[in-house]
Amino acid sequence: VGKNQKVITNLQGDDSRIITDRVIPFIENSLKEEKPFFSTIWFHTPHLPVVSDSIHRSFYKDLDLEKQLYYGTITAMDEQIGRLWKKLEALDIQEETIIFFCSDNGPERATPGSAGIFRERKRSLYEGGVRVPAFVIWKNHLEGGRRIDFPAVTSDYLPTILDILNQEYPADRPIDGTSILGALKGDEKERTKPIGFIYESKLSWVTHQYKLIGDKNLTAFELYDLLNDKSEEKNIIEQFPEVTKELKTDLITWLNSVENSKKGMDYSH
């Protein structure tokens, strides 16, 4: 369509289909021009407002309307992901295309979505708000059907892709993520670089085992052992003062890096 141009055509029907309608021509044109492509596909589903057509709702006709809408729109999204994969196969690029998929946060509070055993939901830095389903497909490069329990975050995508392409990241620029290629191949079992989150007045610092969660004033903190207490039921901050001290120090260092980034200092030179 072009930068700052309003889309006015093909706006009727399921939005997952409408979005995919834009992605497929982009991929086809990239191949025609013999260019590598990268695409970020932001499916709306199942974000509020949750809307589903009658066909996809009918698959769940024995449930109440709220669940028909919720499950119906997810099914419609699943169809479009399948459509995307079939297109990759038809273009014969399924083995050289990597698909990363994840949700952006836990379930919205006013929906049938569930965080399972995890504490809280969307708009929280407890696990129910930030731990989400994810998968990766890279046919004949990554073993299919495996499930790994390895902490990862979308900030890891950039260093992972660079790792796959054997490209160096500029040494003088900060980067939050780390390559998870080793974890995806089953070679790496423990995350060594922590994950930081900031949401409104809350922040957290997550290692392979521990989560430090607190406020932006750095005055009130909780500590949880995520390996042994996935539901974050027991605050162990009093029992592990040394762990808490180390995580606080690292968190403050990271927060300073975030502030530098916000001020544009990362690329000033």
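To keep things clear, this report deals only with the structure shown in the data block. (Residues numbered from 1 in each chain as written. Predicted model: local features only at pLDDT ≥ 70, side-chain atom pairs only at ≥ 80, totals over all residues. Heavy atoms only, no water.)

As a further point, take the pattern of salt bridges. Considering all chains together, one arrives at 14 salt bridges under this definition. We note a salt bridge from Asp-149 to Lys-230, for which the minimum N-O separation is 3.4 Å. A residue pair is termed long-range when its members are at least 10 positions apart, and Asp-149 in the loop between strand E2 (134-137) and helix H5 (157-164) and Lys-230 in the loop between strand E6 (221-225) and helix H7 (241-262) qualify at 81 residues. Where salt bridges share partners, they join Glu-127, Arg-131, Lys-211 and Glu-232 into one cluster. (Salt bridge = Lys/Arg side-chain N within 4 Å of Asp/Glu carboxyl O. Helix = DSSP H or I, 4+ residues; strand = E, 2+ residues; numbered from the N terminus.)

On to helix H3 (residues 65-90). It helps to recall that an α-helix has 3.6 residues per turn; residues three or four apart then point in one direction. In this model, H3 (26 residues) spans 37 Å end to end at C-alpha, consistent with the 38 Å of a helix rising 1.5 Å per residue. Tucked into the core, H3 has its buried residues touching helix H1 (15-32), helix H2 (54-57), strand E1 (99-102) and E2. Count one or two residues on from H3 and you reach Asp-92, which has phi positive near 60°. (Expected span 1.5 Å × (residues − 1). Contact = heavy atoms within 4.5 Å.)

Before going further, it helps to examine the side chain of Glu-127. Tracing the sequence through the fold places Glu-127 in helix H4 (residues 127-130). The exposure class of Glu-127 is buried, given its relative accessible area of 6%. If sequence neighbours within four positions are ignored, Glu-127 has contacts with Phe-118, Arg-119, Lys-211, Leu-226, Lys-230 and Glu-232. (Buried < 20%, exposed > 50% of the residue type's maximum accessible area, 1.4 Å probe, protein only.)

What follows is about the packing of H1 against H3. Between H1 and H3, whose axes approach to 9 Å, the crossing angle comes to 15°. Classified by the interaxial angle, the pair formed by H1 and H3 is roughly parallel. Relative to H3, H1 is oriented so that their crossing is right-handed. Taking contact as the criterion, the partners of Ser-16, Arg-17, Thr-20, Asp-21, Val-23, Ile-24, Ile-27 and Glu-28 in H1 are, on H3, Ala-76, Met-77, Gln-80, Arg-83, Leu-84, Lys-87 and Leu-88. (Axes fitted to C-alpha atoms, helices over the stretch in contact; angles between N-to-C directions. Parallel < 35°, antiparallel > 145°, perpendicular 65-115°, else oblique. Left-handed = near helix turned anticlockwise from the far one by under 90°.)

A few words now on the environment of Asp-78. Tracing the backbone through its elements, the reader meets Asp-78 in helix H3. A C-alpha to C-alpha distance of 8.8 Å links Asp-78 and Ser-16, two positions 62 residues apart in sequence.

Attention now moves to the packing of aromatic side chains. For the coordinates displayed, the defined rule picks out eight aromatic pairs. Taken together through their ring pairs, the aromatic side chains of Tyr-60, Tyr-70 and Tyr-71 make up a single cluster. Directly above the aromatic system of Tyr-126 lies the positively charged group of Arg-119, at a separation of 3.8 Å from the ring centroid. (Phe/Tyr/Trp six-rings, centres within 6.5 Å; stacked < 30°, edge-to-face > 60°. Lys NZ or Arg CZ within 6 Å of the ring centre and 35° of its normal.)

This part takes up the pairing of strand E4 (residues 202-206). Extensive coverage of E4 is indicated by the burial of four of its five residues. Counting the residues in the hairpin turn of strand E3 (residues 195-199) and E4 gives two residues, including Glu-200, whose phi is positive at 50°. Taken together, the five bridges between E4 and strand E5 (residues 210-215) define a ladder with antiparallel strand orientation. Its bridge partner lying in E5, Trp-205 is registered against Leu-212. What sits between E4 and E5 in their antiparallel hairpin is a turn of three residues. (Pairing = 2+ DSSP bridges.)

Glancing now at the sheet that holds E3. Taken together, the four strands give an open sheet; going across it, the order is E3-E4-E5-E6, and neighbouring strands pair in antiparallel fashion. With partners counted over all chains shown, the strands left at the sheet margins are E3 and E6, one partner each. Strand-to-strand twist of the sheet, defined as the mean angle between neighbouring strand axes without regard to direction, takes the value 15°. Against the sheet, H7 makes contact with E3, E4, E5 and E6, and its axis sits at roughly 115° relative to E4, the strand it touches most.

Its location among the elements puts Asp-14 in the segment before H1. Buried charge without a partner: Asp-14 forms no salt bridge, and the closest opposite charge is Arg-17, 6.3 Å away. Among the polar contacts made by the side chain of Asp-14, one reaches the main-chain amide nitrogen of Arg-17 at a distance of 3.1 Å. Once residues within four sequence positions are removed from consideration, Asp-14 is found in contact with Asp-53, Thr-73 and Ala-76. (Lys, Arg positive; Asp, Glu negative; His and termini not counted. Polar contact = N/O pair within 3.5 Å; in protein donor to acceptor, adjacent residues only side chain to side chain.)

As a further point, take the pairing of E5. In summary, the side chains of a regular strand alternate between the two faces of the sheet. With respect to burial, E5 is a largely interior element, six of its six residues being buried. Here E5 shows two buried faces, one formed by Tyr-210, Leu-212 and Gly-214 and the other by Lys-211, Ile-213 and Asp-215. The pairing of E5 with E6 spans five bridges and is antiparallel. Bridged to Ile-213 within E6 is Glu-222. Where E5 folds back onto E6 in an antiparallel hairpin, the turn is made up of five residues, including Leu-218, whose phi is positive at roughly 60°.

Interpretation note: all reported values are geometric properties and have no functional meaning in isolation.
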